[in-house]
Protein chains: 2
Amino acid sequence: MTGSGRRVLALSGGVGGARLAKGLADVLPAGALTVAVNVADDFVHLGLAISPDLDTVMYTLADVVNAETGWGRKDESWTFMAALEQLGGECWFRLGDADLAVHVERTRRLALGEKLGAITASFCRRLGVTSEVLPVSDDKVATMVATPEGELAFQDYFVRYRCEPETLGFRFLGAEAARLNPRLLAALDDPALDVVVIGPSNPFVSIGPMLAIPGLSDGLMRCRAPVIAVSPIIGGRAVKGPAAKMMRERGIEPSPLAIAGEYGSLLDGLVIDEIDRAEAERIRGPRIRVTETLMRGENERRRLAQDVLAFAAELPR
Amino acid sequence: MTGSGRRVLALSGGVGGARLAKGLADVLPAGALTVAVNVADDFVHLGLAISPDLDTVMYTLADVVNAETGWGRKDESWTFMAALEQLGGECWFRLGDADLAVHVERTRRLALGEKLGAITASFCRRLGVTSEVLPVSDDKVATMVATPEGELAFQDYFVRYRCEPETLGFRFLGAEAARLNPRLLAALDDPALDVVVIGPSNPFVSIGPMLAIPGLSDGLMRCRAPVIAVSPIIGGRAVKGPAAKMMRERGIEPSPLAIAGEYGSLLDGLVIDEIDRAEAERIRGPRIRVTETLMRGENERRRLAQDVLAFAAELPR
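So, how was this worked out
- Residues numbered from 1 in each chain as written.
- Chains lettered and ligands numbered in written order.
- Predicted model: local features only at pLDDT ≥ 70, side-chain atom pairs only at ≥ 80, totals over all residues.
- Helix = DSSP H or I, 4+ residues; strand = E, 2+ residues; numbered from the N terminus.
- Rg over C-alpha atoms; globule rule 2.2 N^0.38 Å.
- Buried ≥ 20, exposed ≤ 12 C-beta atoms within 10 Å, placed from the backbone.
- Contact = placed C-beta atoms within 7 Å.
- Nonpolar A, V, L, I, M, F, W, Y, C, P; charged D, E, K, R; others polar.
- Pairing = 2+ DSSP bridges.
- Axes fitted to C-alpha atoms, helices over the stretch in contact; angles between N-to-C directions.

### What to know about the overall build of chain A
Okay, step 1: Helix and strand counts for chain A come out as twelve helices and 14 strands.
Okay, step 2: Here the C-alpha atoms of chain A give a radius of gyration of 19 Å, agreeing with the 20 Å that 2.2 N^0.38 yields for 317 residues.
Okay, step 3: Considered along the principal axes of its C-alpha atoms, chain A spans approximately 60 × 45 × 40 Å.
Okay, step 4: The 317 residues of chain A split such that 54% are buried.
Okay, step 5: Long-range pairs, those at least 24 residues apart, make up 67% of the contacts in chain A between residues at least 6 apart in sequence.

### Digging into the interface of chain B and chain A
Okay, step 1: Every contact between the two is made by 25 residues of chain B and, on the other side, 24 residues of chain A.
Okay, step 2: Residue assignment for the side of chain B that touches chain A shows that the elements contributing at least two residues are helix 3 (79–86), helix 4 (97–111) and helix 5 (116–126) of chain B.
Okay, step 3: Among the elements that line the side of chain B that touches chain A, the one with the most residues is helix 4 of chain B, at ten residues.
Okay, step 4: Across the side of chain B that touches chain A, the residue classes break down as 13 nonpolar, eight polar and four charged.

### Some points on the sheet that holds strand 6 (residues 142–147) of chain B
To summarise the sheet geometry, strands pair through backbone hydrogen bonds and adopt either a parallel or an antiparallel arrangement.
Residue and element names in this part refer to chain B.
Okay, step 1: With antiparallel pairing, the three strands of this open sheet are ordered in space as 7-6-8. The strands lining the two open edges of the sheet, one partner per strand, are strand 7 (150–153) and strand 8 (169–173). The mean angle between the axes of side-by-side strands here comes to 30 degrees, regardless of whether they run parallel or antiparallel.
Okay, step 2: Here strand 6 runs beside strand 7; their pairing, made up of four bridges, is antiparallel. By the bridge assignment, Met144 is partnered in strand 7 with Ala153.
Okay, step 3: Contacting strand 6 and strand 8, helix 8 (residues 203–211) crosses the sheet at an angle of about 35 degrees to strand 8.

### Structural notes on the sheet that holds strand 14 (residues 287–291) of chain B
Residues and elements named next belong to chain B.
Okay, step 1: On the basis of which strands lie adjacent, the open sheet formed by seven strands has the order 5-2-1-9-10-13-14 and parallel pairing. Of all strands in the sheet, those with a lone pairing partner are strand 5 (132–135) and strand 14, marking the two edges. Strand-to-strand twist in this sheet, taken as the mean axis angle between neighbours without regard to direction, amounts to 20 degrees.
Okay, step 2: Pairing of strand 1 (residues 7–12) with strand 2 (residues 33–37), which is carried by five bridges, proceeds in the parallel orientation. Bridging across to strand 2, Leu9 finds its partner in Thr34.
Okay, step 3: In the packing of helix 7 (residues 182–189) onto the sheet, the strands contacted are strand 1, strand 2, strand 5 and strand 9 (193–198), and the crossing angle to strand 1 comes to about 130 degrees.

Written out as structure tokens, the structure is:
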């Protein structure tokens with residue numbers, strides 16, 4: 001799996017996907033990993049272009065992430081936020097001082113016409129990230145969350161209202177017109193591609209909007225490498241975020257079975273947690289690998305990454 | 001002078017003018033002082049609208065200024081700048097983390113169509129400033145510095161090149177079309193106005209661009225209150241900034257006499273330092289008050305403010 005020239009592609013939302021990507025980056029040779037990241041959480045706040053998932057992946061791979069929260073930077077200071085509050089500014093979305101540099105510099109470069117992908121690549125280089133981090137598209141895609149009180153922009157739902165509103169459905173504004181990142185297409189069609197790993201991310205609002213961009217589902221179906229998802233649901237709960245709640249709101253019992261149902265025929269393999277071992281035989285379609293999937297630290301994410309790569313090697317091409 | 005209902009108008013650039021304004025604010029009743037501030041140093045940096053003189057005046061009046069430098073905020077942190085440097089961003093203009101909140105919030109509100117004056121008033125209110133702080137205009141004015149190597153934007157001259165290039169002259173882009181802040185016009189025409197104080201600011205690049213806006217010179221000539229300047233030149237040197245160097249580059253000996261020459265018939269009075277006492281008799285035109293003009297701390301700026309107000313009371317209307 002990790003021989004020279006072999007390549008791995010990961011699809012990621014925020015914290016869970018980022019942690020698995022870091023595990024993969026740690027066990028693979030430098031440069032073997034490409035991570036395609038959701039951009040439908042991106043929004044403009046305080047006039048700044050914020051890309052939460054991209055930044056979480058970048059910070060995690062660069063080892064500058066806040067390990068407690070899984071997002072934001074370690075050794076962060078909050079002077080800006082305190083001063084903004086004093087001025088009466090909007091403070092529901094917390095921006096640390098170091099984190100802010102990324103948003104200010106990205107906004108400046110976007111305004112000059114630079115592409116999100118090029119800016120991300122430049123930031124990653126400066127932060128010493130050797131994996132390739134790709135926004136799934138350079139175009140704007142925006143997740144909208146339908147609730148009984150009306151439609152909410154994603155960060156309003158996610159941060160401002162702390163995922164409390166009931167979700168009735170999702171729209172991905174701009175997805176149909178968005179152009180898939182050409183480097184992602186190239187990665188999918190690379191004959192050296194060994195496996196595509198869909199991280200333990202939210203299938204509805206992290207991976208869903210990526211799959212809504214024309215070309216990605218087709219590319220995954222077409223590519224000769226196996227496509228493996230790691231279930232974000234462990235013992236009926238999401239490790240982080242509202243995936244389990246969203247399932248219940250759809251009338252679906254949160255489980256790896258529901259994850260398999262969500263991805264359908266895209267999947268060749270599904271990695272589920274030991275705690276869900278009994279579910280394995282109920283899942284039709286993908287091959288199942290049962291292992292420890294909770295990533296609390298460096299060792300656990302590396303071990304999971306190795307398990308995923310070993311599983312991929314066993315799957316038929 | 002300080003009876004209820006009486007009003008004082010100060011014109012200010014950065015540090016020197018801000019310190020005198022703070023002295024005036026401290027010895028006058030709350031609300032008696034209006035400070036009109038140069039905006040021709042304003043520029044867009046990293047995509048953010050930065051108003052150095054306005055912020056220096058606001059921070060000084062709010063008692064949150066860095067007393068060492070005279071600009072920026074006290075108890076500042078610099079995490080943003082370190083992170084920006086890591087990303088390869090432009091770092092020649094140093095923005096502290098708390099300071100940044102002002103620029104981000106101002107930029108956001110300007111983009112929504114709010115006026116600079118209204119934004120400044122809102123910030124001052126939040127920071128507990130009881131004096132009225134007015135940008136001399138809501139319109140864009142930009143000082144351009146002619147040098148032997150070509151014309152420089154002001155902050156390039158001032159910060160990036162540390163005032164090292166020889167100055168051949170100045171242009172104030174936008175000044176002729178700019179509209180004087182209507183509240184400044186109202187202050188000039190207020191029958192309760194007791195005195196106009198031109199702070200110890202640079203006559204060429206702080207007060208000059210203000211006077212280049214149609215209506216201010218006329219208003220100063222017309223207003224019944226005496227107009228008093230405090231010399232920024234003490235013993236042949238500027239306390240801060242390039243005023244003395246600019247004079248020498250014009251072939252003028254830096255002195256209070258040169259300040260009187262620069263303001264000409266606008267002035268009813270000029271306050272000069274003890275060290276320049278011998279110059280008093282060479283100055284034709286304005287009445288002269290000789291006193292200690294160096295403001296190293298709170299007591300000195302209050303005493304100077306009191307001297308200026310006492311001097312004004314002696315001048316004919």
